[in-house]
Amino acid sequence: MTPAELSRTVLRAVRRAVDEDALRAPVPARVRVERTRPGGSGDYACAVALQLAGAAARPAREVAEILRDRVAGAPGIGRVEVTGPGFLNFTLDASADARAREALVRDVLARGARYGHGDALAGDILQLSHAREVRAAVTAHALRTIARTQGALVRTGCDGSPDPDPDWARLGVDIDAPGEPAASPTVVRPLPAGAAASELLERLGPDAVRWGLLRPAGHDRAPLGDELLVQSAGNPLFLVRYAHSRARALTRGAVLLGFDSSYDEDVDAPALLRALADYPEALAAAARHRAPDRLARHLEDVAHAFFDFQDSASPLPVGDEKPSAAHRSRLAVAEAAGTVLAGGLSLLGISAPEHL
């Protein structure tokens, strides 16, 4: 069971409790679950009972117990406990969790670049307005792309100016023609880059420029030095793109050895599988909070987890090993990681080379 699936399970329990009149409180739009902190109980924890207690006019522990009774026994959940002032703690069923890992990998590979696309902003109409400044323009363009993956109708405009910087096109930035959607504009106003697009492009190239502008939070200064071109793991842009190219290289190596990927055996890669499972929520959060940096940071998490996984259990046979079900399953996980990295980079407007 993924965090998103667990969140939906808890939300259904809240709705059921309200429908049965066991709980009188507004049903939230979404429920947040997170990994249990060190020293906590179970695999995941949720504070929804504390959030509902005031509206329900009941102690949070009592609300938690009402929800526990309606979550216990749901597919994929082994045990539900109430701890502290009213936290729900979930221990997942091991066999169901293995099936969920398999389903996750198959889903990523089946959906490809559309993995993570959803309806979190379905029906929303966004008009993004930005100044005639390169960081604002790149950020608005990325936000338009990201928000559209969540079902929003989005247009961008350059403060009403019909004359955008011609160098923006070299960064993949375009401006929508006037028209629908008609909405009060959301002003995209990150800290300015402090340099013109032409100067940045000449010095860094489009991929490094976009990463340098989008990776920091909008209220932080964008570091746009030569460190963006360094080919080492200390450069997050290189790390993410190299992880993608390495995943593709594993596929090419498997072809040369005469086998392909197939998730037939459970793979011990908790950090990587968790990062893949959390990608849809990271993408939705980037859209909701108008923060492309959240997507960039999550791609870094995927890349780090990918290299840790590769180092601990090679997807390719080593020495005199023969290709096995374990190798095919590990290769499937590696290909899923490459798929997520390529999709995320594309949404940021950054290329994902097959060779690097």
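Structure first, text after, so check above.
Computed from a predicted model, the values in this text were never measured in an experiment.

How do you make sense of unusual backbone geometry when you look at a structure like this?
Although it is not a glycine, Asp21 adopts a positive phi angle of roughly 65 degrees. With respect to the element layout, Asp21 can be found in the loop between helix 1 (3-19) and strand 1 (33-35). The partly exposed category is assigned to Asp21, whose relative accessible area is 46%. Phi at Arg290 takes a positive value of approximately 55 degrees, unusual for a residue other than glycine. Mapped onto the elements, Arg290 comes out in the loop between helix 9 (270-288) and helix 10 (292-312). The exposure class of Arg290 is partly exposed, given its relative accessible area of 30%.

Is there a simple way to think about the environment of Gly123 in this case?
Secondary-structure assignment places Gly123 in the loop between helix 4 (94-111) and strand 5 (125-130). As for Gly123 and Leu153, which are separated by 30 residues in sequence, their C-alpha atoms are 7.2 Å apart.

Help me understand the side chain of Gln310 in this model?
Mapping Gln310 onto the fold places it in helix 10. Among the residues examined, Gln310 registers a relative accessible area of 14% and is labelled buried. Gln310 has contacts with Arg246, Leu250 and Pro315, leaving out every residue within four places of it along the chain.

Where do I start with the nonpolar core in this structure?
Of all hydrophobic cores here, the largest spans 77 residues; its most connected members are Val134, Trp211, Leu272, Leu295, Phe306 and Leu348. The residues touching Leu348, leaving out its near neighbours within four places in the chain, are Ile146, Arg210, Trp211, Leu214, Pro292, Leu295, Ala296 and Leu299.

Help me out: how do you make sense of the pairing of strand 3 (residues 77-83) in this one?
Regular strands have side chains that alternate between both faces of the sheet. Direction of pairing for strand 3 relative to strand 4 (residues 87-92): antiparallel, over a ladder of 6 bridges. Looking at the pairing, Val80 lines up with Phe90 of strand 4. Hairpin connection from strand 3 to strand 4: 3 residues lie between these consecutive antiparallel strands, with Gly84 at a positive phi of about 55 degrees.

Looking at this structure, I do not really get the sheet that holds strand 5. What am I missing?
Neighbouring strands of a sheet are bound in pairs by backbone hydrogen bonds; such pairs are parallel or else antiparallel. Reading across from one edge, 6-5-7 is the order of the 3 strands in this open sheet, with parallel pairing throughout. Only two strands of the sheet have a single partner each, and these edge strands are strand 6 (153-157) and strand 7 (185-188). Within the sheet, the average angular offset between the axes of one strand and its neighbour, ignoring direction, is 30 degrees. In the sheet, strand 5 pairs with strand 7 via 4 bridges, with the strands oriented parallel. When the sheet's bridge partners are listed, His130 is paired in strand 7 with Val188. Seen against the sheet, helix 5 (residues 134-149) touches strand 5, strand 6 and strand 7 and runs at an angle of roughly 170 degrees to strand 5.

Each value, and the rule that gives it
Residues numbered from 1 in each chain as written. Predicted model: local features only at pLDDT ≥ 70, side-chain atom pairs only at ≥ 80, totals over all residues. Heavy atoms only, no water. Helix = DSSP H or I, 4+ residues; strand = E, 2+ residues; numbered from the N terminus. Buried < 20%, exposed > 50% of the residue type's maximum accessible area, 1.4 Å probe, protein only. Contact = heavy atoms within 4.5 Å. Core = buried A, V, L, I, M, F, W, Y, C linked by side-chain atoms within 4.5 Å. Pairing = 2+ DSSP bridges. Axes fitted to C-alpha atoms, helices over the stretch in contact; angles between N-to-C directions.

Function cannot be inferred from these measures alone, as they are strictly geometric.
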